[in-house]
Amino acid sequence: MAQTGKIQAHMAAIAEYLLAAVFITLGGTMYQYTAPLGGYLSKICMAVIAVAVIACFFLKRPYKDKSCFLRGIIITAVICVYLAVFALINPVNVKSYLVQVCQAAALCVYVFICCGKDRIPGALTRYSKLITAIALISLVCWIWFSLIRTMPPTGKVDSTWYSTFYTKPVSTFYYVYFEPQGIKFFGHVFVRNCSIFTEAPMFAWHLLIALMTELFISRKLSWLRTCILCAALISTFSTMGYIFGLGAVILRLVLALVRSRRYRNMRRKVKIAAWIIVAVLVVAAAVISLVLLKEKLVTYSGDTRMEDFKAGFLGWMDNFWTGAGFGNRETIFIHRTVFSQSGFSNGIMEVAAEGGVYLLICFVGPFVFGFIDALIRKDGGLAIFAVLVFVMASITSAQYTCLMYFLQLFMLLGIMTIKKRGTQQQ
């Protein structure tokens, strides 16, 4: 029986690795936006999600705990009905929207039914490990191919990321490393480490989620993985990556200091000295972040982000309660200036403009609940994770991805233990 249990645990882990691989593949990779692979890839990934979730259901056997199983079914049903009703309220691009609902529904089954009793869904830690492996490979490729230039690119792919009307050729090395972006740094042009992603900020987004999982969620901090993720983050030349990465590391140090037994036994003068050092680090990080942010805002990219926020907000005001409909960016584009008429970089404003308050609740609500739940449970790591991920998600165009849905559902996982905690307190 013990041997059978181990085999099932290993198979469940494989299924969770498949889920994590889908989070990455459909999270802004070049494979997703390469003609004609992209169209087939999304269908393949949908099938993988279904198979992985079904496998987790039968391998984890959550139905053995009837009360937890029933609660998971109810929560999943409520979320799915709420999302589906929007298609009736605002029937725009219904087919595309229902595909998103199906993805969210499958992940609801995994999070609330398959992992209802777990504090951390296995797919989150598997995701962090996969991103670390990708980061390590990308670092080697970036140094060897982009910096030292040991050999020319082995091929090119036609990317549809930049426009729906034309494709752009992007250099690749064996299809495991791409060079879609460069940057001018101290008078020199460098290739940004984008790894397998369409742009450096998208790679930085994944690196930050993996880094924050290591720092605030994982039961045991792996310094090796943390160092690899930080090194890869530096190579992206991403302002967002630098600001949030630096902030996350400092907050983790503060958290470790507060939790430390040595801190509790320190003399008052030593404690004051420790907090002075922390305060200096925080001020230094704030100054560095402000300098980086100021530099970012005077660039074309910074102008575009500010323009996107303004246009998205005005589009939301046009249809405050239910928005203009899923995928309907026209309500945003009419408020933009001529210089930027394609793409969008602000996640929270796009959700607000397209879904109004109705879908904005789905975007903001989980992080608010996760933060409050973390405070009640006195889990400082989860509280910091909720705040940082919410802020990053708001300024990143990753709102309609499997990874985002998974993170939002993870924030709601505390619902599964509310009754138990109430009983224990009594």
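Residues numbered from 1 in each chain as written. Predicted model: local features only at pLDDT ≥ 70, side-chain atom pairs only at ≥ 80, totals over all residues. Heavy atoms only, no water.

Engineer: Could you give an account of a nonpolar patch on the surface, with specific residues and numbers?
Structural biologist: On the surface, a cluster of nonpolar side chains totalling about 570 Å² of accessible area is made up of Val368, Phe371, Ile372, Leu375, Ile376, Val387 and Val391. At 5 residues, the largest contribution of residues to the nonpolar patch is made by helix H13 (residues 347-376). When you line up the elements, Val368 lands in helix H13. (Patch = residues over 30% accessible without salt bridge, like charges linked within 9 Å, V, L, I, M, F, W, Y side chains within 5 Å. Areas by Shrake-Rupley, 256 points an atom, 1.4 Å probe, with all protein chains shown as cover. Salt bridge = Lys/Arg side-chain N within 4 Å of Asp/Glu carboxyl O. Helix = DSSP H or I, 4+ residues; strand = E, 2+ residues; numbered from the N terminus.)

Engineer: Got a sec to walk through the packing of aromatic side chains? Specific residues and values, please.
Structural biologist: The full count for this structure, using the stated rule, is 26 aromatic pairs. On the numbers, 6.1 Å between centres and 45° between planes, the contact of Phe57 with Phe69 is tilted. Separated by 12 residues along the polypeptide, Phe57 in helix H2 (residues 37-60) and Phe69 in helix H3 (residues 66-89) bring together distant segments of the chain. Look at Phe190 and Phe237: their rings are 5.8 Å apart centre to centre, the planes differ by 25°, and that puts the pair in the stacked class. One end of the pair, Phe190, is in strand E5 (residues 188-191); the other, Phe237, is in the loop between helix H7 (223-235) and helix H8 (239-259), with 47 residues separating them in the sequence. For Phe237, a relative accessible area of 12% translates into the label buried. These aromatic residues form a ring-pair network of at least three members: Tyr82, Phe86, Tyr97, Phe326, Tyr358 and Tyr400. (Phe/Tyr/Trp six-rings, centres within 6.5 Å; stacked < 30°, edge-to-face > 60°. Buried < 20%, exposed > 50% of the residue type's maximum accessible area, 1.4 Å probe, protein only.)

Engineer: Break down the side chain of Gln103 for me, citing the residues and quoting the values.
Structural biologist: Its location among the elements puts Gln103 in helix H4 (residues 94-114). With a relative accessible area of 8%, Gln103 lands in the buried category. Excluding its chain neighbours within four sequence positions, the residues that come into contact with Gln103 are Leu26, Met46, Cys402 and Tyr405. (Contact = heavy atoms within 4.5 Å.)

Engineer: I'd like a description of the pattern of salt bridges, backed by residues and values.
Structural biologist: Where charged atoms from two side chains of opposite charge come close, those side chains can pair. On inspection of all chains with the given rule, the structure shows 7 salt bridges. With a closest N to O distance of 3.2 Å, Arg126 and Glu16 form a salt bridge. Linking Arg126 in helix H5 (residues 122-147) with Glu16 in helix H1 (residues 2-25), this pair joins segments that are 110 residues apart in sequence. Comparing Arg126 with Glu16 shows no difference in burial state: the two are buried. In this structure, Arg119 and Asp379 form a salt bridge, with 3.5 Å as the shortest nitrogen-oxygen distance. Of this pair, Arg119 sits in the loop between H4 and H5 while Asp379 sits in the loop between H13 and helix H14 (380-394), and the two are 260 residues apart along the sequence. Given a relative accessible area of 15%, Asp379 falls into the buried group. Linked through salt bridges whose partners overlap, the residues forming this network are Glu16, Lys60 and Arg126.

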